[in-house]
Each structure stands twice: as structure tokens, then as C-alpha cells.
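# Residue-level structure breakdown
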Amino acid sequence: MVLTDRQRADLHSGIYEYLKHQKSEAFQEAAAAFAKADPVAAASATSSGNSNGVSITPLLEKKWTAIPRLQKKVLELERQAAHNSKIHAHRSTLGLASSGGGTAGGGNATGSGDVGGGGRRMLPRLPASNTLRGHSMGVTCVCVHPVYTMVVSGSEDGTIKIWDHESGEYVRTLKGHTNTVHDVCFTPSGTHMASCSADLSIKLWDFTAQYNCLRTLRGHDHTISAIRFLPLINTENLRSAENFANTSTGLTAAVAQSKQLLSASRDQTVKVWDVETGFCDSTITDHSDWVRCLATQASMPTVTDGGEQPRWASAGNDQVIRVYQQDGNKSVSMATLRGHEHVIEALAFLSEPTGGGGKSFHKINGSTTKTNGSSSVSPRDYLASGSRDRVVRLWSLVDGSCLSVFSAHENWVRAVLIHPSGQYIISAADDKSIRVFDIKAQRCLRSLEHAHDHFITSIDMHPTLPILVSGSVDQTIRCWQLD
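Residues numbered from 1 in each chain as written. Predicted model: local features only at pLDDT ≥ 70, side-chain atom pairs only at ≥ 80, totals over all residues. Heavy atoms only, no water.

## Examining the overall build of the chain
- Within the chain, the regular secondary structure consists of six helices and 28 strands.
- Expressed as a percentage of the 483 residues in the chain, the buried residues total 48%.
- Counting only contacts in the chain whose residues sit at least 6 apart along the sequence, the fraction spanning at least 24 positions is 55%.
- Only carbon and sulfur atoms are counted for the fraction: they give 50% of the accessible area of the chain, which is about 22,500 Å². (Helix = DSSP H or I, 4+ residues; strand = E, 2+ residues; numbered from the N terminus. Buried < 20%, exposed > 50% of the residue type's maximum accessible area, 1.4 Å probe, protein only. Contact = heavy atoms within 4.5 Å. Areas by Shrake-Rupley, 256 points an atom, 1.4 Å probe, with all protein chains shown as cover.)

## Overview of the pattern of salt bridges
- For the coordinates displayed, the defined rule picks out 10 salt bridges.
- Residue Arg-414 is joined to Asp-430 by a salt bridge in which the shortest nitrogen-to-oxygen separation is 3.1 Å. With Arg-414 in strand S22 (residues 413-418) and Asp-430 in the loop between strand S23 (424-429) and strand S24 (434-438), the pair connects residues that are 16 residues apart, well separated along the chain.
- Relative accessible area serves as the criterion here: at 22%, Arg-414 is assigned to the partly exposed category.
- Of the residues examined, Asp-430 reaches a relative accessible area of 5% and is grouped as buried. (Salt bridge = Lys/Arg side-chain N within 4 Å of Asp/Glu carboxyl O.)

## A look at the packing of helix H1 (residues 5-21) against helix H2 (residues 25-37)
- Between H1 and H2, whose axes approach to 8 Å, the crossing angle comes to 150°. Considered as vectors, H1 and H2 are oriented roughly antiparallel to each other. In this structure, H1 meets H2 at a crossing whose hand is left-handed. Every residue of H2 that contacts H1 at His-12, Ile-15, Tyr-16, Leu-19 and Lys-20 is listed here: Phe-27, Gln-28, Ala-30, Ala-31, Phe-34 and Ala-35.
- Across the contact of H1 with H2, the residue classes break down as eight nonpolar, two polar and one charged. (Axes fitted to C-alpha atoms, helices over the stretch in contact; angles between N-to-C directions. Parallel < 35°, antiparallel > 145°, perpendicular 65-115°, else oblique. Left-handed = near helix turned anticlockwise from the far one by under 90°. Nonpolar A, V, L, I, M, F, W, Y, C, P; charged D, E, K, R; others polar.)

## What about the sheet that holds strand S10 (residues 224-231)?
- Judged by pairing direction, the sheet is antiparallel, and its four strands sit side by side in the order S10-S11-S12-S13 without closing on themselves. Strand pairing shows two members of the sheet lacking a second neighbour, S10 and strand S13 (280-284), which therefore form its edges. The sheet shows a mean angle of 20° between the axes of neighbouring strands, taken without regard to direction.
- In this sheet, S13 lies alongside strand S12 (residues 270-274) in antiparallel orientation, the contact comprising four bridges. Counted as the bridge partner of Lys-271 is Thr-283 from S13. (Pairing = 2+ DSSP bridges.)

## Overview of the sheet that holds strand S5 (residues 169-174)
- Sheet architecture is open: four strands sit in the order S2-S3-S4-S5, paired in antiparallel fashion. Both outer strands of the open sheet, strand S2 (139-144) and S5, are each paired with one neighbouring strand and no more. Mean inter-strand twist for the sheet, computed between neighbouring axes without regard to direction, equals 25°.
- Examined bridge by bridge, strand S4 (residues 160-164) and S5 share five bridges and lie antiparallel to one another. Opposite Lys-161, over in S5, you have Thr-173 as the bridge partner.

## Focus: the packing of aromatic side chains
- Enumeration over the complete set of coordinates arrives at five aromatic pairs.
- Seen in terms of ring centroids, Trp-163 and Tyr-170 are 5.7 Å apart; in terms of plane orientation they differ by 70°. Their pairing is edge-to-face.
- Assessed through its relative accessible area of 2%, Trp-163 is described here as buried.
- Accessibility expressed as a relative area gives 44% for Tyr-170, which makes it partly exposed.
- Ring geometry for Phe-186 and Phe-207: centres 5.0 Å apart, planes at 90°, overall edge-to-face. On the criterion of sequence distance, the pair formed by Phe-186 in strand S6 (residues 181-186) and Phe-207 in the loop between strand S8 (201-206) and strand S9 (213-218) is long-range, its members being 21 residues apart.
- Among the aromatic residues, those joined into a ring-pair cluster are Phe-186, Phe-207 and Tyr-211.
- In this structure, Arg-292 is placed above the aromatic ring of Trp-290, and the distance from its NZ or CZ to the ring centre is 3.8 Å.
- Here the guanidinium or amino end of Arg-388 rests over the ring plane of Trp-412, the centre of that ring lying 4.0 Å away. (Phe/Tyr/Trp six-rings, centres within 6.5 Å; stacked < 30°, edge-to-face > 60°. Lys NZ or Arg CZ within 6 Å of the ring centre and 35° of its normal.)

## Overview of the nonpolar core
- Grouped together as the largest cluster of nonpolar side chains are 17 residues, with contacts concentrated most on Ile-426, Ile-434, Ile-459 and Leu-468.
- Looking at this core, the elements with two or more residues in it are S22, S23, S24 and strand S26 (456-461).
- In this structure, Ile-459 is in contact with Val-142, Ala-415, Leu-417, Ile-426, Ser-427, Ala-428, Ile-434, Val-469 and Ser-470, ignoring residues within four places of it in sequence. (Core = buried A, V, L, I, M, F, W, Y, C linked by side-chain atoms within 4.5 Å.)

## Quick word on the pairing of strand S14 (residues 291-297)
- Burial of S14 is extensive: seven of the seven residues sit out of reach of the surface.
- The sheet contact formed by S14 and strand S15 (residues 311-316) spans six bridges and is antiparallel. The partner of Val-291 across the bridge, within S15, is Gly-316.

## Observations concerning unusual backbone geometry
- Residue Pro-127 is bonded to the preceding Leu-126 through a cis peptide linkage, with omega at -5°.
- If you trace the backbone, Pro-127 turns up in the loop between helix H5 (90-98) and strand S1 (130-133).
- At Gln-319, a position not held by glycine, the phi torsion is positive, near 65°.
- For Gln-319, the position within the fold is in the loop between S15 and strand S16 (320-327).
- One non-glycine residue, Gln-442, adopts positive backbone phi at about 60°.

## Concerning the side chain of Gln-22
- The topology assignment puts Gln-22 in the loop between H1 and H2.
- Judged by relative accessible area, which is 18%, Gln-22 ranks as buried.
- Sequence-distant contacts of Gln-22, that is, excluding residues within four places in its chain, are made with Phe-27, Gln-28 and Glu-61.

## Brief notes about the pairing of strand S25 (residues 443-448)
- As judged from the five bridges shared by S24 and S25, these two strands associate in the antiparallel manner. In the strand pairing of S25, Phe-437 is matched with Cys-444.
- Between the antiparallel neighbours S24 and S25 lie four residues, among them Gln-442 with a positive phi of about 60°.

## A few points about the confidence of the model for the chain
- Here the chain averages 83 in pLDDT, and 80% of its residues register 70 or above.
- Predicted confidence for residues 90-118 stays below pLDDT 50, and this span has 17 contacts to residues more than four positions away or in other chains.
- Scored below 50 in pLDDT, residues 240-245 shows eight contacts in the model against residues more than four places distant or in partner chains. (pLDDT = per-residue confidence, 0-100.)

Here it is as C-alpha cells:
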């Protein structure tokens, strides 16, 4: 296997960093020789080191110790897979028997793959694999990193904490906000993160090295409730990463795989920010009350001519969902959706990888679903919403109609997401439960009762890895394995 230039540079930096951390004089001489052989790698390792003198574990050691843990995990999964195959071995026989009278050799014996034949549907189950504790007040938001096994949480205590959701280990705390952190989100590439707060500020953080705050954006007149990057598919026409130093925010659209950032506020506006300059491109004033939530979606993957028009939606206290298509700096209204009877707390498009996260574990491109006798709708045209009226709604952006209404929750619905397969909606609510709704069957398929000890404020799911995380007023973040 031949290493890429980036992988080779990372390896050299790791080797140099490891040698420098050894106390022996021989190792220091080896480090000096290595720096002479590859000064770029040495400079990179030095710049990414800890400048405040606190001892940290070299990256090479972290990766080396991660290998046995991953090998152990693989062995455990293989044993579990073998055990499950024995338990469910009878299902293939039952599938053949129930596929039709006397037609064992014809037709589709296994059904729809995910639902029939014992296939994995990748849905959360009890118990939680990890419970992360560290916040001193309620957790308001969680976000899973699109590439690494990291999850970020924001809290009423004004801090942002980084965790490893696989091992359950705490990584570090980001400080800078002076009031409740209401939302956090990553760029599609995972190189940067944005956060927003009741202190009326938006902060951009670097996730490539030292987790520094690159810039603070100001412009809203009241609490900032939600923040999202507008994802891009084609970045070839954008400025290259070599122009990194020419941007006032310290990041480029090519690296971030996003040119614009959206923010929603209690001042009844949604602002569109340029991620490179940090300037506000436009302000949308269509809402008549507090705008609480946002959702974004990249253009179709087939768009490669640079003419991308990502979609986004906003909603809040005025009980109206507004959907837009972003054409440069212009937000073109696509639809206005009405039906909820109380404050709308959450919106979600289909969960899908848009950056470095790889391929989704379900193939959805080109698939369609018929709901309530309506015409075929692609999962990419779904929009889910959750409200204080205790209802989860599924909308079609093709004609603006409400396809489904799910009313299993017993309290305010605070978070929703559409499963990467396009077959399920996952929601969380103040009734302390996480519920899974089957879109085709129009029913609650699974309910995780008492998932937390208090109201659940947020959930997030990785589009390719089998992990879902939730945050709660009980000050914890919980990680859920998918089966």
C-alpha cells in the first residue's frame, strides 16, 4: 500500500513528535536528524504541539494504542456476528416459506433486505454504550464529527466539550462563550466547527490542530438559537487550500467544503455568513417570531458544474416552516409549510455524508417511497419536523404536502433526524424517550423509554458509522449503538 502525500506527512510529523518526547539524548539526536531530513514535518509537529507547557501524549502513541483496542473490537464484533447468525439462521427458511404458496424457487425470498431476512436496520437500542459526564449544567446540543470518533457537546454552563464516543473518554473543553451554548455544528469536511450562544456571538473553531477559536462573528440582536454550514459537493472551482492565509477567518471554502454559514436567532432573523471573510452576506426576515431551528442539505450529488444550490429550512415560534434554495448570496423561497399547532423545535433533512465521512451504510440514491397513497417521493425530498405539540411530521418538498404525522410522544418533541436509509425518523422529547418511526408502515417501530433521567434536548447520528448520541438536561451525553 502506497501512502498519499498527506498520510506520509502525518506519519513523519508523528515520528518526529514521538522522538522529541523521549528524554534520552540519543532520541534527541535522532529527532534532530529527522528534522534535517524532513523540516516541513518537523515544523508541522512543532506548531501542533502544546504551547502552554502541559505534557500531552504524542499522536503516534495514541494511534499505536488505538490499534489493539480496535482489534479487540473487531474480534468482539465477529463473535457477536457469529452468535447472531446462529440465533437468526431460521429466518431465511421462514422467509422462503412465507414468500408465496409453493414458490420457493421463484420471486424475492428475502423481501426488502433491511426489514426482512434479519438484516441490520441500524437503529438505536438499549442500553447506552457510554454515558459521558462533565458538564455542570444541562446539555443543550450534541454533534458527531463527520470523520473522527468524536462528539461535541454544548451546555448551559457556557462550555463546549469534546469526547471520544467510541471509548467514552473526555478529550478537552473549549471555552470562549459567556452564556449558554445553544448549538454546535461541523463543516462537512470536519476541519472546523461553529458554535452559537445566548451571548449573541458565533465562534469558529479550528479542529485541525489545537482547537483554537479562529474568529468571533457578531450581528444578531438577541439569542442565537441554531447554526448550520451550507454543504457543497464540488469544491474544485473554489480557492485552493494554499490560500489559507488570505482569509480573515483562517479557513477556506475548499477546505471546509462550505462557503456559507447560517444562523437563526430570537431577533426573528436568519443570517447568511461568508465563511472566508466572516461578513454577513444577507439577512432573511420572513419569520414573525423567534427562529429556533435550521436544517441544511447539499445539492444533488450529480451536480458537478459548480452551479450548486443547496437547500435549507428554518422554523420557530411562528409555527411556520420556510424552505429556501441558496443561489449564491440569494435565498430563494421554495415552500412554506404549515400544520404544527405549537412552537417548532427541530428540523431535519435526510442524514447523508457530504464531506470526508465516506459512503452511507444504505444506498438511497434513486430510491423512492410512497406514503399515504401519494406519488413517489425520494428520501432527499423529505423534511422532518418536531414540535411542542408533541407531534413529528414528515413533509414532501416536491409539493409541500404533509406525508405523515406521528404522535407517539407524550411531551414536547425537541429533536428529530431522518435515518440515512430514508426509511425511519428518529426523535427525542421531553418525555425522556427516543423513538423510531417507520415511514412506510406509519407506526412507532421502537421506543427507548427513560433514555435519560431528564428532558432530552438533542440527538445526532453519524451518516456512516453505527452511532447515535443524545444530550439531556440531566447534564449527560449518551452514546447508543445501532443494530
